[in-house]
Structure formats: C-alpha cells, structure tokens
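These are the residues of each chain, in order.
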Amino acid sequence: MTDWLSDWVAALDWVDPQFTWSVVLALVLGLTLIAHIFMGWLLSRLSRQAGKTELLWDDALIAAARAPVMLLVWVVGIVTGLQIAVSNGGLVLPESVSTMRKLMLIVALSWFVVRFIGRIELVLMQAGTKRKAMDVTTVRALGRLLRLAVLVLAVLIVLQNLGISVSGILAFGGIGGLAVGFAAKDLLANFFGGLMIYLDRPFKVGDWIRSPDQDIEGVVEDIGWRQTRIRTFSKRPLYVPNATFANISVENPSRMTNRRIYEYIGVRYGDAGQVRVIIEKVRQMLQDHPDIDTNQTLIVNLDRFGPSSLDFFIYTFTKTTDWVAYHGIKQDVMMRVMDIVEQEGAEFAFPTTTLHIAELPPDGVRRSL
C-alpha cells in the first residue's frame, strides 16, 4: 500500500506539492477510518458468534482485543502517511517513525494481554452451568502477578527498542535493590506479608476473621499487596498492613463446621427430685431436634451445686453456621428447656439466702431484739 501511494504521488509532480500531500494524508486517514469501521463491524460479528457458544474464553479474547486492534488500525494508518511523506515529500523526520510503530505495537500487544487477563479473571470468578467459580482471592492474586509480569516485560522491551541497555538496568537494579530494601523495609514486609496470605490462605475475601491478640474483627473485603481491608461489624472499614498478620494469631470463624450452644441452667434445691428426669428429657430433646448435629459432642449433665441452685449444663452444636439462624435455633432450644422444667413442676432458681439459727436465744434476749 505504501509503494502504491508513493508511485501515485510521484506521478502528480506537476501539482502543487502542498496540495498533493494534503490529498494523500486525507486519503490515508479516510482509508484508516474505513478500516476502523470494518474492524469494528467484524469484531461485533465475531462477538455475537462467540456469545452463542458455551465457551467463555472466546468472548474474553474478542472483548479484550477490541480496543488494542482499533489502536493498531490508527497507528498503521498514521505511520503509513508519515512514511510516504518522509520518502517522497522531502520532509525531514527522525528515524523514530518506524521505532514509534514498534513501540505502539508493543503497547497494543501488552494492553491486549492485560485486558485479556482481566476478562479471564471475571470468567473464573463467575459460576457456569458446568463449572464452579474459583476462589476470588486466588484469582485476583494470580491476575495481579500476571499483569505485573506483562508490564515489566513490556517496559524492558520498550527500553531495549529505545537503545537503552537492559542488562545495565538489571545490574543497577540488583545493586540498588539493597538500598531500596533498607529504605522500604516496611513496604517490602507488607508485600511479602500479602504474598504469604495468598500462599497460606488463612483467610480469603468474604471471610469473617478476628484476632485474639488485637482488636481486629470483621469481614475481609480486599487483600492488597500492602494492606488488607476489613469491614467491621459497625460497617467501618479497617485497613490492616499485611505484615501485621505475620505476628498475630488469626481466627477464621467463617470456616467453622458448626456453632456451639453452651449454657448453664439452674433449678431450685427444692426440686432436686426432678433434676434427673429434667436432664434426661433435655438430652432426648436435643437428640431429636432437627437442627442439632448429633454427630458432634452432645452433653447434658449436672455440673455443680451452686449457692442457690442445682446447675446442669447443655453442650451441643448446631448444624448451621449462619449467625442469625444459629440464634433462632438457640432460642428454640432454651424455650424447650423452659417447657420441660415447667412440665416437671420445677422452677428456675434465683439468688436466695437462707439464714440458719442453731438455737433460739432466751425470751428476754428475744424481746430485746
């Protein structure tokens, strides 16, 4: 195409050069616009065809390629016009025209790969008809690592094309890395702390975590390379540096298999005769309860002689781990215990004090009292 336009321009040597090059540039831009429209139509058609298939990779590929392809169309068109102007118009332009085309090609390709990685992240995090959604934390971590690798590689290739020695930069980076490491030790500690979270996976996005060592409790919203954002139960965001998790204990209640009911019930000493029956009925009630996991530890036993009550305790686990549902089950269990105690003619104890007098004082003393 460039040779054809150059020959056509050379044949018009009798026309005003300024007018000729205006016509040539207008023609190049017009052809570029037509190519832009055609590529847009072609990609839209391909996108519709890809949407009819069950595969999601082709949709991600076409969606990621749209903007970079449009950029390449205009880069090719503009660079073609500049090359014609340089070769036949007597214009003096630096040799960076061809270099610019290479750089824009690298930029477009890197942009496409980064967009494709982002689209694949969305695909992997969404559940399909025949596949499960992948863990959000893992997908985001891999996506960030891949994008970082692509960007670093693109920068190195760009520098190499600009005539800058990449080996020198790498050598300088090795020496300067020591100084940077000392100057940014906290930043690096947070970075490696985030890396350890991604590798060990003590928690992920969406988990409820708490620390018995520090006042940290809430739902994990985001795990970054420097800090983790936690939404507390008061709906306030809490930003925790990743290095903190290397020095504290972290509890992950989201991964519990059951929730525990552990309660003490006290009845009066006057109802000691009914305690055995009450305990047996409460135990049977728990074993028959549809929301109690009987495969876990289930204990109902008299435990202690309290100051004013005979205390037995309930130790059992619910099948659900949902916080709201758990409290509904716990309330139902306690209401049933109340019904059992009432059915046996017993009463719950409340704090009382009994005064025992070994013998009565003489009448005179009693009258004076």
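Quick summary incoming for the structure in this document. (Residues numbered from 1 in each chain as written. Predicted model: local features only at pLDDT ≥ 70, side-chain atom pairs only at ≥ 80, totals over all residues. Heavy atoms only, no water.)

### Description of the overall build of the chain
Consideration 1: Scanning the chain for helices and strands turns up ten helices and seven strands.
Consideration 2: Of all 369 residues assigned to the chain, the portion counted as buried reaches 30%.
Consideration 3: Here the analysis covers contacts within the chain between residues at least 6 apart in sequence; of these, 63% occur between residues at least 24 apart.
Consideration 4: Of the roughly 23500 Å² of accessible surface on the chain, a fraction of 62% belongs to carbon and sulfur atoms. (Helix = DSSP H or I, 4+ residues; strand = E, 2+ residues; numbered from the N terminus. Buried < 20%, exposed > 50% of the residue type's maximum accessible area, 1.4 Å probe, protein only. Contact = heavy atoms within 4.5 Å. Areas by Shrake-Rupley, 256 points an atom, 1.4 Å probe, with all protein chains shown as cover.)

### A short note on the packing of helix H8 (residues 272-288) against helix H9 (residues 323-343)
Consideration 1: Close contact between H8 and H9 brings their axes to 10 Å; oriented N to C, the two are set at 145°. When you trace H8 past H9, the crossing you get is right-handed. Side by side, H8 and H9 meet where Ile278, Lys281, Val282, Met285 and Leu286 of the first sit next to Val333, Arg336, Val337, Ile340 and Val341 of the second.
Consideration 2: Looking at side-chain class alone, the contact of H8 with H9 contains eight nonpolar, no polar and two charged residues. (Axes fitted to C-alpha atoms, helices over the stretch in contact; angles between N-to-C directions. Left-handed = near helix turned anticlockwise from the far one by under 90°. Nonpolar A, V, L, I, M, F, W, Y, C, P; charged D, E, K, R; others polar.)

### Side note on H8
Consideration 1: Helix length check: H8 (17 residues) gives 25 Å between terminal C-alpha atoms against 24 Å at 1.5 Å per residue, within 8%.
Consideration 2: Buried residues of H8: Val275, Ile278, Ile279, Val282, Arg283, Met285 and Leu286, and no others.
Consideration 3: Buried residues in H8 make contact with strand E5 (259-267), strand E6 (299-305), strand E7 (310-318) and H9. (Expected span 1.5 Å × (residues − 1).)

### So, the pairing of strand E4 (residues 237-241)
Consideration 1: Both strand E3 (residues 227-231) and E4 contribute to a ladder of five bridges, which runs antiparallel. Bridging across to E4, Ile230 finds its partner in Leu238.
Consideration 2: With antiparallel pairing between neighbouring strands as the criterion, E3 and E4 make up a hairpin whose turn holds five residues, including Lys235 at a positive phi of roughly 70°. (Pairing = 2+ DSSP bridges.)

### Some points on the sheet that holds strand E1 (residues 208-211)
Consideration 1: Strand order in the open sheet made by the four strands is E1-E2-E3-E4, with antiparallel pairing throughout. Sheet topology places E1 and E4 at the edges, where each strand pairs with a single neighbour. Geometrically, the sheet is characterised by an average inter-axis angle of 45° between neighbouring strands, direction not taken into account.

### Regarding the side chain of Asp293
Consideration 1: Relative to the helices and strands, Asp293 resides in the loop between H8 and E6.
Consideration 2: One buried charged residue, Asp293, remains without a salt bridge, the closest side chain of opposite sign being Lys319 at 6.3 Å.
Consideration 3: Within polar-contact distance, the side chain of Asp293 engages the backbone nitrogen of Asn295 at 3.1 Å.
Consideration 4: Ignoring anything within four residues of it in the chain, the contact list for Asp293 reads Asn258, Phe317, Thr318 and Lys319. (Lys, Arg positive; Asp, Glu negative; His and termini not counted. Salt bridge = Lys/Arg side-chain N within 4 Å of Asp/Glu carboxyl O. Polar contact = N/O pair within 3.5 Å; in protein donor to acceptor, adjacent residues only side chain to side chain.)

### Quick notes on the environment of Pro202
Consideration 1: Mapping Pro202 onto the fold places it in the loop between helix H7 (185-200) and E1.
Consideration 2: Here Pro202 falls in the partly exposed class, since its relative accessible area comes to 34%.
Consideration 3: For the pair formed by Pro202 and Phe245, sequence separation is 43 residues and the distance between their alpha carbons is 9.7 Å.

### Observations regarding the sheet that holds E7
Consideration 1: What the three strands build is an open sheet, ordered E5-E7-E6; its pairing is antiparallel. Because the sheet does not close on itself, it has two edges, and the strands there are E5 and E6. Across the sheet, the mean angle separating the axes of adjacent strands is 20° when strand polarity is ignored.
Consideration 2: As paired elements, E6 and E7 share six bridges and run antiparallel to each other. Paired with Phe305 across the two strands is Leu310, which belongs to E7.
Consideration 3: With respect to the sheet, H9 is in contact with E5 and E7, its orientation differing from that of E5 by roughly 25°.

### Regarding a nonpolar patch on the surface
Consideration 1: On the surface, Leu27, Leu31 and Ile34 cluster together to form a nonpolar patch covering roughly 240 Å² of accessible area.
Consideration 2: Its relative accessible area of 55% is what places Ile34 among the exposed residues. (Patch = residues over 30% accessible without salt bridge, like charges linked within 9 Å, V, L, I, M, F, W, Y side chains within 5 Å.)

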